[in-house]
Amino acid sequence: MRILLKIIVVLGVVAAGALWMLSGPNPLPKDTMAGLTGDATRGETVFWAGGCASCHADPKAEGEDKLVLSGGYRIESPFGTFLAPNISPGPAGIGDWSDLDLANALMHGLSPEGQHLYPALPYTTYIHMQPQDVADLKAYMDTLPVSDVASLPHELAFPFNIRRGLGLWKLVNLSESWVMTQANTPELERGRYLVEALGHCAECHTPRDVTGGLDRDKWMSGAPNPSGKGEIPAIDPANLDWSAGDIAYYLETGFTPDYDSAGGQMAKVIAGMAHLDSSDRDAIAAYLKALP
Amino acid sequence: MKYGLGLIAVAAITAVAGTAAISDSNADKAALAAVKARQSQMTLYAFNIGLLGGMAKGNVEYDATAASAAAANLASLSKLDQSRLWPQGSDNETLGHDVTEALPKIWAADSDIAQKGMALVEAATAMESAAGGGLDSLRGAMGPLGKSCGSCHETYRQAKN
């Protein structure tokens with residue numbers, strides 16, 4: 001009996017050790033950004049398509065002030081409330097980050113110190129980004145105003161306040177594969193990139209499984225609002241009968257085919273999408289229409 | 001500014017209505033009538049923008065006279081005095097989510113719904129001057145107009161269920 005107990009304890013320690021190892025950081029190869037030079041003009045498109053301002057601008061900001069990425073926006077979730085941090089190019093933000101640091105945060109959910117970041121920063125989407133796009137984005141963000149507003153701590157209950165635990169979550173939920181496996185035209189390929197790598201549409205429009213990861217079998221089929229109030233509508237072809245032109249126009253102006261006007265968090269998404277070239281909005285519409 | 005004042009007066013008037021000693025059922029009826037009226041006002045916005053949007057999208061042939069008329073309607077609608085449309089207690093928590101989509105935040109102390117209303121007046125006035133000036137000019141004014149609707153809905157209207 002004593003021996004059995006010892007074995008169980010040893011096995012337990014080994015398992016815990018394995019979990020600990022598995023939950024460790026997995027940074028990008030050090031040469032990921034080698035030789036890449038950022039282009040701020042291209043980076044502006046990445047910025048608006050990625051919707052960074054939706055979360056990182058001051059929630060009360062309007063117009064040009066949305067470019068001051070001082071943080072403070074509250075993201076309610078079943079795990080607690082996340083507060084978007086200051087990511088402006090100064091000491092209170094990410095002024096001293098390298099391109100590789102930003103790539104690790106966006107594509108692998110890691111801080112420069114190797115700590116796991118919470119998936120409230122949608123790196124399950126940004127993992128698909130091209131390193132060149134990260135370099136361009138960084139070049140653009142470096143041109144934005146500095147804010148010295150301090151980032152606020154998240155309001156999370158135990159055990160969700162333990163960052164290390166996120167390593168396991170990432171093992172289960174972080175995937176490099178596309179949901180749309182076949183994108184046969186340049187337009188569809190661009191649409192897939194804009195939706196699956198940058199626009200993080202699925203983060204709101206796709207339901208989640210018990211771990212809080214996206215249920216890829218129910219891609220874009222609508223979801224309960226994580227803030228607890230209401231339902232985020234389905235936008236897959238089975239449920240949304242808008243034409244591609246209607247979708248593109250909605251992304252540009254917020255007007256539905258009935259000329260009602262988008263509200264909720266979608267209004268913020270549209271404020272970003274309105275900055276894109278119309279060919280990009282057409283590509284997103286083509287992607288949505290091509291979903292199964 | 002006159003119209004802005006009309007909106008700002010909402011807060012003051014609703015405060016008065018809140019204290020007036022009217023029976024519950026009468027207050028209820030008044031609230032429901034106000035909800036119906038403001039939803040109709042919104043529907044009229046959408047109806048007039050429907051023509052402008054149809055032209056912008058290329059579904060309806062551009063016609064300067066018709067576009068100007070719809071844009072003038074919209075501008076007039078946006079300037080109507082709304083002080084009786086938003087009585088206190090006509091939010092979706094009080095009246096129910098199937099009755100109204102108006103969020104209680106509208107009546108909070110830090111509410112800036114009056115500014116949102118002013119932004120619509122501005123965008124609709126800009127559309128009034130743009131709509132008759134050719135299709136490109138109309139198209140250009142649609143974006144800011146949509147933004148002015150969306151920016152109020154974002155904060156003060158319950159998202160879709």
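Keep in mind that this is a model prediction, so the values were computed, not measured.

Here is what the cut-offs are and how they apply
Residues numbered from 1 in each chain as written. Chains lettered and ligands numbered in written order. Predicted model: local features only at pLDDT ≥ 70, side-chain atom pairs only at ≥ 80, totals over all residues. Heavy atoms only, no water. Core = buried A, V, L, I, M, F, W, Y, C linked by side-chain atoms within 4.5 Å. Buried < 20%, exposed > 50% of the residue type's maximum accessible area, 1.4 Å probe, protein only. Domains from an automatic or database assignment. Contact = heavy atoms within 4.5 Å. Salt bridge = Lys/Arg side-chain N within 4 Å of Asp/Glu carboxyl O. Helix = DSSP H or I, 4+ residues; strand = E, 2+ residues; numbered from the N terminus. Pairing = 2+ DSSP bridges. Buried area = accessible area lost by both parts, 1.4 Å probe. Polar contact = N/O pair within 3.5 Å; in protein donor to acceptor, adjacent residues only side chain to side chain. Nonpolar A, V, L, I, M, F, W, Y, C, P; charged D, E, K, R; others polar. Patch = residues over 30% accessible without salt bridge, like charges linked within 9 Å, V, L, I, M, F, W, Y side chains within 5 Å. Areas by Shrake-Rupley, 256 points an atom, 1.4 Å probe, with all protein chains shown as cover.

**Details of the nonpolar core**
Moving on, step 1. Grouped together as the largest cluster of nonpolar side chains are 61 residues, with contacts concentrated most on Phe47(A), Met129(A), Leu137(A), Met141(A) and Met220(A).
Moving on, step 2. Both domains that furnish three or more residues to this core are identified here as domain 1 (36-175) and domain 2 (177-292) of chain A.
Moving on, step 3. Residues in contact with Met141(A), not counting those within four places in the same chain, are Phe47(A), Leu69(A), Ile87(A), Pro89(A), Ile94(A) and Leu102(A).
Moving on, step 4. In terms of nonpolar packing, the next biggest core, distinct from the first, is built from 26 residues, Ala46(B), Ala124(B), Ala131(B) and Leu138(B) among them.

**Examining the pattern of salt bridges**
Moving on, step 1. Per the stated rule, a full pass over the model turns up 14 salt bridges over all chains.
Moving on, step 2. Between Lys57(B) and Asp246(A) there is a salt bridge; the shortest N-O distance is 2.7 Å. Here the residue Lys57(B) occupies a position in helix H2 (residues 24-57), and Asp246(A) occupies one in helix H10 (residues 244-253), the pair thus bridging two chains.
Moving on, step 3. One salt bridge connects Arg139(B) with Asp136(B), and the closest N-O pair in it is separated by 3.9 Å. Placement of both Arg139(B) and Asp136(B) in helix H6 (residues 135-156) is noted, with a separation of 3 residues, approximately one turn of the helix.
Moving on, step 4. Among the charged side chains, a network of salt bridges with common partners joins Arg42(A), Asp133(A) and Asp136(A).

**Structural notes on the pairing of strand S1 (residues 74-77) of chain A**
Residue and element names in this part refer to chain A.
Moving on, step 1. With 4 bridges joining them, S1 and strand S2 (residues 80-83) adopt antiparallel strand pairing. Note on S2: the bridge partner recorded for Ile75 is Phe82.
Moving on, step 2. The antiparallel hairpin formed by S1 and S2 contains 2 residues in its connecting segment.

**Considering the domain arrangement of chain A**
Where interface size is quoted, it is often the accessible area lost as the parts come together.
Residues and elements named next belong to chain A.
Moving on, step 1. Under the domain assignment, chain A is made up of domain 1 (36-175) and domain 2 (177-292).
Moving on, step 2. Of the residues lining the interface, 25 residues belong to domain 1; the matching set on domain 2 comes to 28 residues.
Moving on, step 3. Surface buried jointly by domain 1 and domain 2 totals about 2,100 Å² across both partners, of which 57% is contributed by carbon and sulfur atoms.
Moving on, step 4. If you sort the residues of domain 1 by the area they bury against domain 2, Trp48, Ala49 and His128 come out on top, with a joint share of 29%.
Moving on, step 5. In this assembly, domain 1 and domain 2 are joined by 10 residue pairs in polar contact (both at pLDDT 80 or more).
Moving on, step 6. Residue assignment for the side of domain 1 that touches domain 2 shows that the elements contributing at least two residues are helix H2 (40-50), S1, helix H5 (123-126) and helix H7 (166-173).
Moving on, step 7. Examining the composition of the side of domain 1 that touches domain 2, we find that 5 residues originate from one element, H2, more than from any other.

**Brief notes about the interface of chain A and chain B**
Moving on, step 1. In this complex, chain A contributes 19 residues to the contact, which on the side of chain B involves 24 residues.
Moving on, step 2. Buried surface at the junction of chain A and chain B, summed over both partners, amounts to about 1,800 Å²; 53% is from carbon and sulfur atoms.
Moving on, step 3. Contact with chain B buries surface across chain A, with Tyr249(A), Phe255(A) and Tyr259(A) losing the most and accounting together for 31% of the total.
Moving on, step 4. Across the pair Lys268(A) and Glu154(B) runs a salt bridge, and its minimum N-O distance is 3.7 Å.
Moving on, step 5. The tally of links from chain A across to chain B stands at 7 residue pairs in polar contact (both at pLDDT 80 or more).
Moving on, step 6. The set of elements that each furnish at least two residues to the side of chain A that touches chain B consists of H10 and helix H11 (264-273) of chain A.
Moving on, step 7. The residue inventory of the side of chain A that touches chain B, partitioned by class, reads 6 nonpolar, 5 polar and 8 charged.

**Things to note about the environment of Leu171(A)**
Residue and element names in this part refer to chain A.
Moving on, step 1. Secondary-structure assignment places Leu171 in helix H7.
Moving on, step 2. Judged by its relative accessible area of 51%, Leu171 is exposed.
Moving on, step 3. As for Leu171 and Ser278, which are separated by 107 residues in sequence, their C-alpha atoms are 37 Å apart.

**Here we look at the side chain of Ser261(A)**
Moving on, step 1. You can see Ser261(A) is positioned in the loop between H10 and H11.
Moving on, step 2. Within polar-contact distance, the side chain of Ser261(A) engages the backbone nitrogen of Gly150(B) at 3.3 Å.
Moving on, step 3. When near neighbours in sequence (up to four residues on either side) are disregarded, Ser261(A) contacts Gly254(A), Phe255(A), Gly146(B), Cys149(B), Gly150(B), His153(B) and Arg157(B).

**What about a nonpolar patch on the surface?**
Moving on, step 1. On the surface, Leu168(A), Leu171(A) and Val172(A) cluster together into a nonpolar patch covering about 270 Å² of accessible area.
Moving on, step 2. Along the polypeptide, Val172(A) turns up in helix H7.

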